[in-house]
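Coordinate inspection notes
Take a look at the letters that make up each chain.
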Amino acid sequence: MIGVECFLSCIVESGLVYPLMGLITITAILLFMYIFKRNYESLLASQSTLTVIISVNLFSMNCDMFTWVWIYLGIILIGTLLMGLVKHYLELQLDRNIIRSPPYLSEIKKKFKVDISVLDTQKIKAFTYKNRIYLSVGLLERLEKDEIMAVVAHEVYHLNHSPNKLLSSLLALTSLTFRRFNDEHYADQYAVKTAGIHNLINALKKLEIRDYKKRAMKLSA
Amino acid sequence: MVKIERISLDKEGLTKFFSPNEARILELLWEKKKMTSPEIRQQCNDLSLACVAGTLDRLAKSGFVSRTIDETGPRVRYIYSPVGNRQKVGTKICEKIIDCLVDTFGTSTVDSIGKNRKRGN
Ligand SMILES: [Zn+2]
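Everything numeric here is computed off the predicted structure, so don't read it as measured data. (Residues numbered from 1 in each chain as written. Chains lettered and ligands numbered in written order. Predicted model: local features only at pLDDT ≥ 70, side-chain atom pairs only at ≥ 80, totals over all residues. Heavy atoms only, no water.)

Turning our attention to the interface of chain A and chain B. Counting residues at the interface gives 20 residues for chain A, matched by 18 residues for chain B. For the chain A and chain B pair, buried surface summed over both sides reaches about 1600 Å², with 49% attributable to carbon and sulfur atoms. In this structure, the connection of chain A to chain B is made through 5 salt bridges. Here E144(A) ties to R75(B) by a salt bridge, and the two come within 2.5 Å at their closest N and O atoms. Here chain A and chain B share 17 residue pairs in polar contact (both at pLDDT 80 or more) between them. Its residues assigned to classes, the side of chain A that touches chain B shows 10 nonpolar, 2 polar and 8 charged. (Contact = heavy atoms within 4.5 Å. Buried area = accessible area lost by both parts, 1.4 Å probe. Salt bridge = Lys/Arg side-chain N within 4 Å of Asp/Glu carboxyl O. Polar contact = N/O pair within 3.5 Å; in protein donor to acceptor, adjacent residues only side chain to side chain. Nonpolar A, V, L, I, M, F, W, Y, C, P; charged D, E, K, R; others polar.)

Of all hydrophobic cores here, the largest spans 51 residues; its most connected members are L135(A), L140(A), I148(A), V152(A), F18(B) and I40(B). Setting aside residues up to four positions removed in sequence, I40(B) forms contacts with I25(B), L28(B), L29(B), M35(B), V52(B), L56(B) and Y80(B). In terms of nonpolar packing, the next biggest core, distinct from the first, is built from 8 residues, C6(A), I54(A), L58(A) and V69(A) among them. (Core = buried A, V, L, I, M, F, W, Y, C linked by side-chain atoms within 4.5 Å. Buried < 20%, exposed > 50% of the residue type's maximum accessible area, 1.4 Å probe, protein only.)

All names here are of chain B. Domain boundaries assigned for chain B yield domain 1 (1-84) and domain 2 (85-121). Taken together, the 12 residues of domain 1 in the interface contact 9 residues of domain 2. Put simply, domain 1 and domain 2 have 0 salt bridges between them. Taken together, the links from domain 1 to domain 2 amount to 0 residue pairs in polar contact (both at pLDDT 80 or more). For the side of domain 1 that touches domain 2, the per-class residue count stands at 7 nonpolar, 3 polar and 2 charged. (Domains from an automatic or database assignment.)

Turning next to the coordination of the zinc ion. Residue and element names in this part refer to chain A. The protein atoms that coordinate the zinc ion are H154 (NE2), H158 (NE2), E184 (OE) and E184 (OE), at distances spanning 2.0 to 2.8 Å. Going along the chain, you hit the donors of the zinc ion in the pattern H-x3-H-x25-E. With H154 in helix α7 (residues 145-161) and E184 in helix α9 (residues 184-195), this pair connects stretches of sequence that are 30 residues apart. When its relative accessible area of 6% is taken as the criterion, H154 is described as buried. With a relative accessible area of 33%, E184 lands in the partly exposed category. (Donors = N, O, S within 2.8 Å, 3.2 Å for Na, K, Ca; no water. Helix = DSSP H or I, 4+ residues; strand = E, 2+ residues; numbered from the N terminus.)

Another aspect to go through is the domain arrangement of chain A. Residue and element names in this part refer to chain A. In terms of domains, chain A is made up of domain 1 (1-62) and domain 2 (81-220). Computed from C-alpha atoms alone, the centre-to-centre distance between domain 1 and domain 2 is 35 Å. Each side of the interface is counted separately: domain 1 has 11 residues, and domain 2 has 15 residues. Among the residues of domain 1 in contact with domain 2, Y40, L44 and Q47 are the three that bury the most area, contributing 46% of the side total. Inspection of the region where domain 1 meets domain 2 yields 0 salt bridges. For the pair domain 1 and domain 2, the number of links is 5 residue pairs in polar contact (both at pLDDT 80 or more). Among the elements that take part in the side of domain 1 that touches domain 2, helix α3 (residues 40-59) stands out by supplying 8 residues, more than any other.

So, in structure tokens, the structure goes:
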């Protein structure tokens, strides 16, 4: 109880009550927008204002609750370091493992107007990084051209519509919501629209994607 | 610690150096000489695709298996073949063990191995 009283008096003394109330209202509006529209812009915006609220609260403190500042900074520091490590590892892998992409991909590249690089690994990989789509040999081996088209379409959706992964992870962390925008289903829907539902479902099945049945059900519903 | 006298590359000995899945795929490749990954997968139906893929990547990276990229067919694909037969892999492993011993105990180990061999003969 002492903690809460201290916390309240801190804010009142700092003269930030009205700005904070304004920010809280904005956050609430943005969150409502996110719940109704499900677009990443309102999620990222609400997480940003939430971050500001948390920062203002924490840094206006001068009482014994100051340890919270350190806990908060610790979470962000460790999270950012981990993300940096992952990014570094990914970039190393990308540099080392690119091979010449086979000629039959050029038609798909033209159709979607994207760059595709081929990763020299047997593992099943398909992802986007810095305006480029990466597919592994292991994936290409198993799929017909139309099925590759479905996979590429899914990734093209991410390329054009998904928020920056690093930014959304960082905001999920700093706003302490730990929630990242998930638009896998929209990407699947786009793939269905451009390449046909059976091609996408066949691809997911052949690649033994773990939740392929769930994704297929959601698409046919 | 591996008991040295039990190192032999028959079925059981192989799993002293390789995981059961690695050993299984190596045995397959020694037998068939050349295989594509769907062919390998077919022989390991009980394993997941991801598991087979990971094992193949590991074997290729460690140099016990080589793979080439084949673009002659309608799709790009890997063709796998073993690097050396059972005996050569045995030699390679022995060399690795000796390297480890030298790293740990210094070059005097190699001398003592030589002496022991002479005495044994
Ligand atoms: Zn996706």
